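Observations on the three-dimensional arrangement
Now for the letters of each chain:
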Amino acid sequence: MPKLADELVSLGINVLAAPGNTPAALAAKASTTTIPIVFFVGGDPVQLGLVASLSRPGGNITGVTNLTVEVGPKRLQLLHELMPSATVFALIVNPSTPLAQIESRDLLEAARVLGLELHVLKATSEDELDKVFSSLIQLHATALLIATDGLFTARSERLAMLALRHAIPAISSNLEFAAAGGLISYGSSIDEPFRLAGVYTGRILKGEKPSDMPVQQSTKIELKINLKTAKALGLTVPPALLARADEVIE
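Described below are features of the structure shown in this document.

What counts and how
Residues numbered from 1 in each chain as written. Predicted model: local features only at pLDDT ≥ 70, side-chain atom pairs only at ≥ 80, totals over all residues. Heavy atoms only, no water. Helix = DSSP H or I, 4+ residues; strand = E, 2+ residues; numbered from the N terminus. Contact = heavy atoms within 4.5 Å. Areas by Shrake-Rupley, 256 points an atom, 1.4 Å probe, with all protein chains shown as cover. Lys, Arg positive; Asp, Glu negative; His and termini not counted. Charge placed at Lys NZ, Arg CZ, Asp CG, Glu CD. Pairing = 2+ DSSP bridges. Axes fitted to C-alpha atoms, helices over the stretch in contact; angles between N-to-C directions. Parallel < 35°, antiparallel > 145°, perpendicular 65-115°, else oblique. Left-handed = near helix turned anticlockwise from the far one by under 90°. Nonpolar A, V, L, I, M, F, W, Y, C, P; charged D, E, K, R; others polar. Buried < 20%, exposed > 50% of the residue type's maximum accessible area, 1.4 Å probe, protein only. Arc of directions from axis to C-beta. Core = buried A, V, L, I, M, F, W, Y, C linked by side-chain atoms within 4.5 Å. Polar contact = N/O pair within 3.5 Å; in protein donor to acceptor, adjacent residues only side chain to side chain. Salt bridge = Lys/Arg side-chain N within 4 Å of Asp/Glu carboxyl O.

Secondary structure summary: the chain contains 11 helices and 11 strands in total. The C-alpha extent of the chain, read off along each of the three principal axes, is 55 × 35 × 30 Å. Of the contacts made within the chain by residues no fewer than 6 positions apart, 66% connect residues no fewer than 24 positions apart. With the model as given, the accessible surface of the chain reaches about 11,700 Å², and the carbon-plus-sulfur share is 53%. Side chains of the chain give 21 positive and 24 negative charges; the mean places of these two sets differ by 2 Å.

With respect to topology, four strands assemble into an open sheet ordered β1-β2-β3-β9, the strand pairing being parallel. Both edges of this open sheet fall to β1 (16-19) and β9 (216-218), since each of them pairs with a single strand only. Geometrically, the sheet is characterised by an average inter-axis angle of 10 degrees between neighbouring strands, direction not taken into account. Taken together, the five bridges between strand β2 (residues 37-41) and strand β3 (residues 61-66) define a ladder with parallel strand orientation.

At a minimum axis separation of 11 Å, helix α5 (residues 129-139) and helix α7 (residues 156-165) run at an interaxial angle of 30 degrees. Considering the angle they form, α5 stands roughly parallel to α7. By crossing handedness, the relation of α5 to α7 is classed as right-handed. Across from Leu129, Asp130 and Phe133 in α5, the residues of α7 making contact are Arg158, Leu159, Leu162, Ala163 and Arg165.

Here we come to the packing of helix α3 (residues 72-82) against helix α4 (residues 99-114). Following both chains from N to C, one finds α3 and α4 inclined at 40 degrees, their axes separated by 8 Å at the closest point. When the axis of α3 is compared with that of α4, the two are oblique. Handedness of the crossing formed by α3 with α4: right-handed. Here Gly72, Pro73, Arg75, Leu76 and Gln77 of α3 lie close against α4, whose contacting residues are Glu103, Asp106, Leu107, Ala110, Ala111 and Leu114. The class makeup of the residues in the contact of α3 with α4 is six nonpolar, two polar and three charged.

Another aspect to go through is α5. By the burial criterion, the buried members of α5 are Leu129, Val132, Phe133 and Leu136. Along the long axis of α5, the arc covered by the buried residues comes to 95 degrees, so they all point the same way. Of the residues in α5, the exposed ones pointing more than 90 degrees away from the buried face are Lys131, Ile137 and Gln138. Among the structural elements, β4 (88-93), β5 (117-122), β6 (143-146), α6 (150-153) and α7 are those in contact with the buried residues of α5.

Attention now moves to the pairing of β6. Along a regular strand, successive side chains alternate from one face of the sheet to the other. Residues Ala143 and Leu145 point to one face of β6 and Leu144 and Ile146 to the other, with burial holding for every one of them. Here four bridges tie β4 to β6, and the two strands are oriented parallel to one another. In the strand pairing of β6, Phe89 is matched with Ala143.

So, about the nonpolar core. If you look at the biggest cluster of nonpolar residues, it comprises 51 residues, and the most contacted ones within it are Phe89, Leu144, Leu145 and Phe152. The leading source of residues in this core is β4, at six residues. Excluding anything up to four places from it in sequence, Phe152 contacts Ile92, Val93, Asn94, Ala123, Leu129, Ile146, Ala147 and Leu159. Of all hydrophobic cores here, the second largest spans 18 residues; its members include Val9, Ala24, Ile61 and Val215.

What follows covers the environment of Ala17. Mapped onto the elements, Ala17 comes out in strand β1. On a C-alpha basis, the gap between Ala17 and Gly198 in space is 8.6 Å, while along the polypeptide they are 181 residues apart. Ignoring any residue separated from it by four or fewer positions in sequence, one finds Ala17 in contact with Val38 and Thr201.

On to the side chain of Lys224, then. Mapping Lys224 onto the fold places it in strand β10 (residues 221-226). On the basis of relative accessible area, Lys224 is assigned to the buried category, the value being 12%. Reaching out from Lys224, the side chain makes a polar contact with the side chain of Glu247 at a distance of 3.4 Å. Lys224 has contacts with Leu175, Ala178, Leu183, Ile184, Ser185 and Glu247, leaving out every residue within four places of it along the chain.

Take the pattern of salt bridges next. Overall, the coordinates contain 10 salt bridges when judged by the stated rule. Notably, a salt bridge pairs Glu126 with Arg155, separated by 3.2 Å at the nearest N-O pair. Of this pair, Glu126 sits in the loop between β5 and α5 while Arg155 sits in the loop between α6 and α7; the two residues are 29 residues apart in sequence, bridging distant segments of the chain. Residue Arg158 pairs with Asp130 through a salt bridge whose shortest N-O separation is 2.6 Å. Separated by 28 residues along the polypeptide, Arg158 in helix α7 and Asp130 in helix α5 bring together distant segments of the chain. The exposure class assigned to Arg158 is partly exposed, which follows from its relative accessible area of 22%. Taking the relative accessible area as the measure of exposure, Asp130 reaches 31% and is therefore partly exposed. Taken together, the salt bridges that share partners define one network made up of Glu126, Asp130, Arg155 and Arg158.

Below, the structure written as structure tokens:
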């Protein structure tokens with residue numbers, strides 16, 4: 001990412017857009033202090049060091065954030081609601097990304113409050129996913145949370161297949177996970193944030209300054225449940241949970 005960002009900056013571009021990828025946003029910020037940058041990230045851009053504040057980003061960078069990481073504890077609650085007798089859960093993260101530490105911290109605290117045991121497992125490549133699912137058996141974990149990360153988003157079908165093969169109920173922030181055969185998706189729609197990032201890029205091209213453009217927050221969260229997968233896992237989804245779903249896949 002840093003090499004690519006430096007290459008783009010050297011071309012004399014007018015705006016550097018880095019939507020949907022935290023490492024790309026951080027690389028863009030490190031590559032230039034003069035060319036305007038527009039990002040879209042799933043975590044808090046202040047915590048990530050991208051901007052000084054949401055209302056006054058300052059410098060040459062602004063963009064869009066959603067609640068993907070912030071609602072991580074809610075994903076744990078949903079999985080616990082579906083499996084109230086389960087006490088041992090696992091979280092898979094990609095430790096090479098900045099969001100991993102933040103999401104792990106928040107979910108460990110949420111697990112503590114709920115009186116649950118949560119194991120944090122790590123994968124930095126597709127080859128390591130099989131090892132993660134093998135570890136679940138050794139840890140006696142009965143459910144899995146999939147962290148917010150491009151590595152996992154791009155491999156929704158594989159993760160859904162592995163979860164079903166190992167009979168592990170799983171939840172992801174990626175809305176495509178349930179459609180790919182996963183049990184539950186709970187997270188932000190990416191359509192709105194991408195549109196907002198595009199609008200900001202257009203406004204900058206017309207002469208506005210990033211420092212005068214507050215970071216926008218996309219707050220639309222969706223819940224998708226795959227009943228076919230639930231049946232295959234031998235789970236009965238509570239009616240109250242089904243009633244809250246934005247989409248039920250049958």
